[in-house]
Amino acid sequence: MDAILVRGNSPLRGEVPISGSKNAALPIITASILFERPITIENVPALRDIRTLLDLLEVLGVRARREDHTLHIDASELSGSEAPYDLVRRMRASIYVLGPLLARLGEAKVSLPGGCAWGPRPVDLHMMAMERLGARVEVDHGYLVAKAPPGGLVGGTITFPLSSVGATCNALLASSVAHGTTVLENAATEPEVVALADFLAASGVRIEGQGTRIIRVTGTDRLVPERFSIIPDRIEAGTFLAAAAITGGDLRLIGCRADHLDAVIETIRSTGSTVDVGEGEIRCRGKVPPRGVHVVTAPYPGFPTDMQAQIMAVASIGTGVSAITDTIYPDRFTHVAELARIGADIRLEGNTAVVHPVDGLSGANVMATDLRASAALILAGLVADGETKISRVYHIDRGYERIEEKLRAVGANIERIDEEGP
Ligand code: EPZ
């Protein structure tokens, strides 16, 4: 089992290339199920979650071939409609196959994804969306069993009681080939949702309103595959902004979209860092020690929950008291105990972490519990005195491409080691 060793040392300086967005790539790759002809997707990040999804698609009869960061996916021989538990449990986003399988094959049997490190991850909104398109969806022995009406899915109005990225994506995927028009109300507006809608629109689906709370989709039976490039990963970019802020470094992020990061840039600036935005680039010069922050996560364009752990690492060496509240996942704080092992002084009050100033962090052995918590532990290790060993780094490989190489290239003292044991 791999572990990552980080030795606190000096500020990071240099350029960091930003990879394609994991959370845009996953629904767009899943959309291949809708196509009877091969599709080509560019700028696909090389991540564990992408490989997991391709393993699942292969079980369904979808063939994929990777050429560097380009994926050629052929679903013309789509044969299966069952997503088994042993694959779905590895990645919650597997639930994205529900909509396309229902739309193309008229049926789907998808294992319930179960929870994750920080608590339950319900899929009731995914089920509701499919029902609004005429499907019957039941839960049977841990599986979602769905069946479309005899003539196929029929457009309708889907009103989401809360903003859900995944359920909005599933609704977009299914309604793209449903008969008639579908209106999504209170749709998620995240850039990854917009990217999926843009991909479907480029393939011949009439879609209006992506990026707003009301999206109108007119289904088609003539999807025409167009090469499509995945948008940059805003959470990877945000993570490296935090790396510059926590180390007092000077990083230039290449190939990123600052317009996807307004709330994160504003928060990083509030720590005292200087952030300059250029064409496809963001430069961050960190100022240490950082000032304390007050963050409340919210659906886009609010501060993303996927940056909550990383900003907490920055706050852990802050000069003032910080308050970080997660309104999306009130239990997403498994990184608090691990950051405390590195010397952070964090007290949880409900879904708010109150971070008190400390004189410094000290390296320790810690354990990654989930993807973004892993990133936070690496950030803390970059400034902790001595060595930090982070176990179970398979979590970080789910969502960050070559993170230790990218950090080493800008001066971090970091390496991956083979650690015995579970
Ligand atoms: C997506 O998850 C992301 N994953 C998550 O990123 C991200 O944290 C999350 O959106 C919020 O931005 C992918 O895109 C693959 P939601 P998703 O549906 O779609 C509740 C990462 O680190 N909800 O927007 O699962 C839910 O419990 C991952 O890359 C229901 O109640 O999130 C949460 O409180 C972690 N019922 C809220 O909605 C449902 O049916 C938002 O969840 C679905 C969701």
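Residues numbered from 1 in each chain as written. Predicted model: local features only at pLDDT ≥ 70, side-chain atom pairs only at ≥ 80, totals over all residues. Heavy atoms only, no water.

### Overview of the packing of aromatic side chains
What counts here: Only Phe, Tyr and Trp rings are paired, with Trp represented by its six-membered ring, and only when their centres lie within 6.5 Å; those with planes under 30 degrees apart are stacked, over 60 edge-to-face, the remainder tilted. Numbering goes from the N terminus for both helices and strands, where a helix is a DSSP run of H or I of at least four residues and a strand is a run of E of at least two. Per-residue accessibility, obtained with a 1.4 Å probe over protein chains only, is compared with the maximum for each type, and a residue is labelled buried under 20%, exposed over 50%, and partly exposed between these values. A positively charged side chain is recorded as over a ring if its NZ (Lys) or CZ (Arg) lies within 6 Å of the ring centre. The angle to the ring normal must also be within 35 degrees.
One pass over the structure, following the stated rule, counts two aromatic pairs. A ring pair is formed by Phe 199 and Phe 228, whose centres lie 5.4 Å apart and whose planes are at 75°; its orientation type is edge-to-face. Of this pair, Phe 199 sits in helix 7 (residues 191-202) while Phe 228 sits in strand 14 (residues 228-229), and the two are 29 residues apart along the sequence. The same class applies to Phe 199 as to Phe 228, namely buried. Positioned above the aromatic ring of Tyr 143 is the side chain of Lys 109, whose terminal nitrogen or guanidinium carbon lies 5.0 Å from the ring centre.

### Looking at the environment of Ala 344
Note the cut-off: The contact criterion used is simple: two residues touch if any of their non-hydrogen atoms lie within 4.5 Å.
One can find Ala 344 in the loop between helix 11 (334-341) and strand 20 (345-349). Between the C-alpha atom of Ala 344 and that of Met 312, which follows or precedes it by 32 residues, the distance is 9.5 Å. If sequence neighbours within four positions are ignored, Ala 344 has contacts with Ser 316, Leu 339, Val 358 and Leu 361.

### Some points on the site of the ligand
Note the threshold: Any residue with at least one heavy atom within 4 Å of a molecule or strand is counted as near it. Side-chain atoms alone can form a polar contact between residues adjacent in sequence; in general such a contact is a pair of N or O atoms within 3.5 Å, and within protein one must be able to donate a hydrogen while the other accepts it. Here the Shrake-Rupley method, with its probe set to 1.4 Å, supplies the accessible areas, and only the displayed protein chains count as covering residues. All residues other than Ala, Val, Leu, Ile, Met, Phe, Trp, Tyr, Cys, Pro, Asp, Glu, Lys and Arg, Gly among them, are scored as polar; the first ten of these are nonpolar and the last four charged.
Neighbouring the ligand are 25 residues; Asp 124, Leu 125, Ser 164, Val 165 and Asp 306 lie closest to it. Within the side chain of Arg 92, one N or O atom sits 2.8 Å away from an oxygen atom of the ligand. Within the side chain of Asp 306, one N or O atom sits 2.6 Å away from an oxygen atom of the ligand. Relative to its free-state accessible area of 820 Å², the ligand is covered by the protein chains to the extent of 86%. For the shell around the ligand, the secondary-structure elements that each account for two or more residues are helix 1 (22-30), helix 5 (124-132), helix 6 (165-175) and helix 12 (371-383). Looking at the shell around the ligand residue by residue, the class counts come to twelve nonpolar, six polar and seven charged.

### Re helix 5
Of all the positions in helix 5, only Leu 125, His 126, Met 127, Met 128, Ala 129 and Met 130 are classed as buried. At its buried positions, helix 5 is contacted by helix 4 (98-105), strand 8 (136-140), strand 9 (143-147), strand 10 (157-159) and helix 6. Gly 134 lies just past helix 5 and shows a positive phi near 95°.

### Considerations on the pairing of strand 17 (residues 281-285)
Short version of the rule: Strands are treated as partners if at least two bridges between them are detected by DSSP.
Here strand 17 shows one buried face, formed by Ile 282 and Cys 284, and one open face, formed by Glu 281, Arg 283 and Arg 285. Of the strand pairs in this sheet, strand 15 (residues 250-254) and strand 17 are connected by five bridges, and their pairing is antiparallel. Residue pairing in the sheet places Ile 254 in a bridge with Glu 281 of strand 17. Judged from the five bridges that link them, strand 16 (residues 274-278) and strand 17 form a sheet pairing that is antiparallel. Directly across from Val 277, in strand 17, lies its bridge partner Ile 282. Counting the residues between successive antiparallel strands, the hairpin from strand 16 to strand 17 contains two residues, one of them, Gly 280, with a positive phi of roughly 75°.

### Remarks on the layout of surface pockets
For clarity, the cut-off: Grid points spaced at 1 Å and placed over the protein atoms alone form the basis of the search, with a cavity being a set where a 1.4 Å probe fits but cannot get out and a pocket an open set showing protein on both sides within 12 Å along at least five of seven lines. Lining residues have an atom within 4 Å of a point. Grid points are joined across faces, edges and corners, and a volume is the space filled by probe spheres set on the points.
What the second largest pocket holds in volume is close to 360 Å³. Around the second largest pocket, the lining is made up of 17 residues, and of these Leu 34, Glu 36, Val 177, Thr 220 and Asp 221 lie nearest the centre. Classifying every residue of the lining of the second largest pocket gives eight nonpolar, four polar and five charged.

### Some details on the sheet that holds strand 7 (residues 107-111)
Selection rule: Interaxial angle, 0 to 180 degrees, is taken between N-to-C directions of lines fitted to C-alpha atoms, where a helix line uses only the stretch in contact.
As summarised here, the arrangement of the four strands in space is 6-7-9-8, forming an open sheet in which the pairing is mixed. Where the open sheet ends on each side, the last strands, each with one partner, are strand 6 (82-83) and strand 8. Alignment of strand 7 against strand 9, held across five bridges, turns out to be antiparallel. Residue pairing across strands places Ala 108 opposite Ala 146, the latter belonging to strand 9. Across the sheet, helix 4 lies against strand 7 and strand 9, angled at about 160° from strand 7, the strand it touches most.

### With respect to empty space enclosed by the protein
Evaluation of the coordinates by the stated rule reveals four cavities of 30 Å³ or more. The space that makes up the largest cavity amounts to roughly 40 Å³. Lining the largest cavity are Ser 21, Asn 23, Glu 192, Asp 233, Arg 234, Ile 235, Asp 306 and Arg 372. The residue inventory of the lining of the largest cavity, partitioned by class, reads one nonpolar, two polar and five charged.

### Digging into helix 9 (residues 262-270)
Where helix 9 is concerned, the buried positions are Ala 263, Val 264, Ile 265, Thr 267 and Ile 268. The elements touched by buried residues of helix 9 are helix 8 (234-247), strand 16, strand 17, strand 18 (294-296) and helix 10 (308-315). Just downstream of helix 9, Gly 272 is the residue with a positive phi angle, here 110°.

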